[in-house]
Amino acid sequence: MSSSMRNKVQRKFKMRGYSLKVEALSEILSFVSHFPDAQDDALNLLLDDLQSQSQSLKSSILDKEAVCGVTSLLLEADMAANHHDPTSSKSELRIIDAFDFPKFHYDPIKKSFLRHDGIPLIHGEPSAKATLYRDRFLLLFQRLSRDPHFARPAFDAEYSRSGTCEITTIQSLVGRTEKKWILGVISQLEDGHFYLEDLSAAVEIDLSSAISFLPSCMHPPSSSDNADSCFLFPNVITTGFFSENTIVLAEGEMLLDGIFKVNTCGFPPLEDRYKSIELFAGIDFFGCALTKDQTLKFAELESGAVNDMFVILSDVWLDSEETMGKLETVLDGYEDVEVVPSLFVFMGNFCSHPCNLAFSSFSNLRLQFGKLGQMIGAHRRLKEHSRFLFIPGPDDPGPSTVLPRCALPNYVTEELKKHIPDAIFRSNPCRIKFYTQEIIFFRQDLLYRMRRSCLMPPTTEETNDPFEHLVATITHQSHLCPLPLTVQPIIWNYDHCLHLYPTPHTIVLGDRSESKAFNYTGITCFNPGSFSNDGTFVAYRPCNREVELSSL
């Protein structure tokens, strides 16, 4: 690149208030070289994108990392727009490992999310466990504080008394016997005795006469109603599993023996995804930030990506001849279609037996992955034009059963990589950014465990489908696995990897229960089912979020 272009780049960046390190300058010159006929336009576009995300830049002195994030997105967008292969549907697809997710915590004083600096430790300090619960509670509390039913109006005192349900801290319940609303996490501090805890205190609760409600159906009472209560539409009951470790809203009163008798309880109401993003603009919760201009460009490309399709299979037992036969049938079918799927997602378990300390066939599993690689490699069009993502299941090889689970070990996958060098191995859970769409993949037999941990039978008022109850639970809790840590251990410093805030566009819950699809408040949720047991899988079209439940 000529010295005149080098000087021009430095001059233009200086006019915008930026200084460039040597590595950043080299990256910009490399980017501009991709557009020999429109170098000035490319440079101005890069500057505009950097300017639009100036709030997320750490300094006005730009290094290579700050520049690469923008240049790579611009190059991929240009490639997707100008170099489309009609027989392939490889598109802008970013796959993010759980251990690369950004970590934020909510500051109730500044009323904003602050990013955690550095890499969290796997083996955290004892205080990390308390921080885990604190961060979960504050995440839902800040969301609840903006809900009109629970926010006290600043000036309209009359409406405040009659139309809202003000949240009371548990500590302030002492000596008060009137009905109150509290927000807390259900915990079992003593055997057989359940408590609600918030950041101030804990109180024992009586759930014997509690019913659950639907927060979104609450309405202000009329003048003839009791002005000190919050009223609900009659017979409207919320879906969801109320288990230990879930955070609930409870309405009730303190008894003389110090027990809080719960009359009604429910999950904190959801907040619209776009409202959350607007409130905290500039914060990259997902791990793949886009500027405003990039979002508009990618949204247009996404809507036109009608040929893109993801094929998702869960419970792919490589040691089962029947399963491998069914898998070959699926691959044969997609090899012959006009446009092959852009992504195949294989979710564990990859063995019919748990790979625990008693498992002694790791070498066999390694060879079975090699056979899978040979099978995929025999399908020329799929190997050339599709991507293959592997996500471990709860019983697959790994350091422990704790969440999040790291990717499958190299020893097991080396044979497959010889045949499919571009195969992708990621953690459980993992995230995918398809242009602007955010998709979360999670493989865990969650439904059975949530039902076993339930403290109250789920209502059948709205639905009797357990999967719909599960979806309602994890979305309202903004957490993929709201089970007690004694039931499902979680790495304390990496609990943020399971957060669902802001709510994603799509959640894929790999579970051995029957395949289901459910759209809940605009969130597409589906379970591909067990491929080995039932022969079920899912074909998903991200451009219109269409879910096709398939089976052999």
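Attention here is on the structure that accompanies the text.

The rules behind the values
- Residues numbered from 1 in each chain as written.
- Predicted model: local features only at pLDDT ≥ 70, side-chain atom pairs only at ≥ 80, totals over all residues.
- Heavy atoms only, no water.
- Helix = DSSP H or I, 4+ residues; strand = E, 2+ residues; numbered from the N terminus.
- Buried < 20%, exposed > 50% of the residue type's maximum accessible area, 1.4 Å probe, protein only.
- Pairing = 2+ DSSP bridges.
- 1 Å grid on protein atoms, 1.4 Å probe; cavity = no way out; pocket = protein on both sides within 12 Å on 5 of 7 lines; lining within 4 Å.
- Points joined across faces, edges and corners; volume = space filled by probe spheres on them.
- Nonpolar A, V, L, I, M, F, W, Y, C, P; charged D, E, K, R; others polar.
- Contact = heavy atoms within 4.5 Å.
- Salt bridge = Lys/Arg side-chain N within 4 Å of Asp/Glu carboxyl O.

## Some details on unusual backbone geometry
1) Next: Residue P404 is reached from L403 by a cis peptide bond, and omega for that bond is -5°.
2) Next: Following the sequence through the fold, P404 ends up in the loop between strand 16 (387-391) and helix 12 (410-419).
3) Next: Backbone geometry places D315, a non-glycine residue, at a positive phi of 60°.
4) Next: Owing to a relative accessible area of 1%, D315 belongs among the buried residues under this scheme.

## Some remarks on the pairing of strand 22 (residues 523-527)
1) Next: Most of strand 22 sits out of view: five of its five residues are buried.
2) Next: Neither face of strand 22 is exposed, since I523, C525 and N527 on one face and T524 and F526 on the opposite face are all buried.
3) Next: Strand direction decides the pairing type here: strand 20 (residues 506-510) and strand 22, joined by three bridges, are parallel. Residue pairing in the sheet places T506 in a bridge with T524 of strand 22.
4) Next: Here strand 21 (residues 516-520) runs beside strand 22; their pairing, made up of five bridges, is antiparallel. Note that in strand 22 the partner of Y520 across the bridge is I523.

## Things to note about empty space enclosed by the protein
1) Next: One pass over the full model with this rule turns up five cavities of 30 Å³ or more.
2) Next: Taken together, 13 residues form the lining of the largest cavity, with F104, F285, H496, H499 and Y501 sitting closest to its centre.
3) Next: Elements represented by at least two residues in the lining of the largest cavity include exactly strand 4 (104-107) and helix 5 (127-144).
4) Next: The element that contributes the greatest number of residues to the lining of the largest cavity is strand 4, accounting for three residues.
5) Next: As a volume, the second largest cavity reaches approximately 60 Å³.
6) Next: Taken together, R136, L139, L140, N245, I247, Q477, S478, H479, P482 and H499 form the lining of the second largest cavity.
7) Next: A per-element tally of the lining of the second largest cavity places helix 5 first, with three residues.
8) Next: Residue composition of the lining of the second largest cavity, by class: four nonpolar, five polar and one charged.

## Thoughts on the sheet that holds strand 17 (residues 424-425)
Remark on secondary structure: sheet strands pair via backbone hydrogen bonds, oriented parallel or antiparallel.
1) Next: Strand order in the open sheet formed by six strands is 17-16-15-14-23-24, and the pairing between neighbours is mixed. Each edge of the open sheet carries a strand with a single partner, namely strand 17 and strand 24 (546-551).
2) Next: With five bridges connecting them, strand 14 (residues 310-314) and strand 15 (residues 343-347) associate as parallel partners. In the strand pairing of strand 15, V311 is matched with F344.

## Digging into the environment of C430
1) Next: Take C430: it is sitting in strand 18 (residues 430-434).
2) Next: C430 sits in the buried class, given a relative accessible area of 0%.
3) Next: Residues C430 and I96, spaced 334 residues apart in sequence, show a C-alpha to C-alpha distance of 5.9 Å.
4) Next: Not counting residues within four places of it along the chain, the set of residues in contact with C430 comprises I96, F101, L389, I391, I439, I440 and F441.

## Topic: the pattern of salt bridges
1) Next: Using the criterion set out here, one finds 16 salt bridges in the structure.
2) Next: Here E415 ties to R366 by a salt bridge, and the two come within 3.3 Å at their closest N and O atoms. Taken together, the positions of E415 in helix 12 and R366 in helix 10 (residues 362-377) put the pair 49 residues apart, joining distant regions of the chain.
3) Next: When its relative accessible area of 17% is taken as the criterion, E415 is described as buried.
4) Next: Here R366 falls in the buried class, since its relative accessible area comes to 16%.

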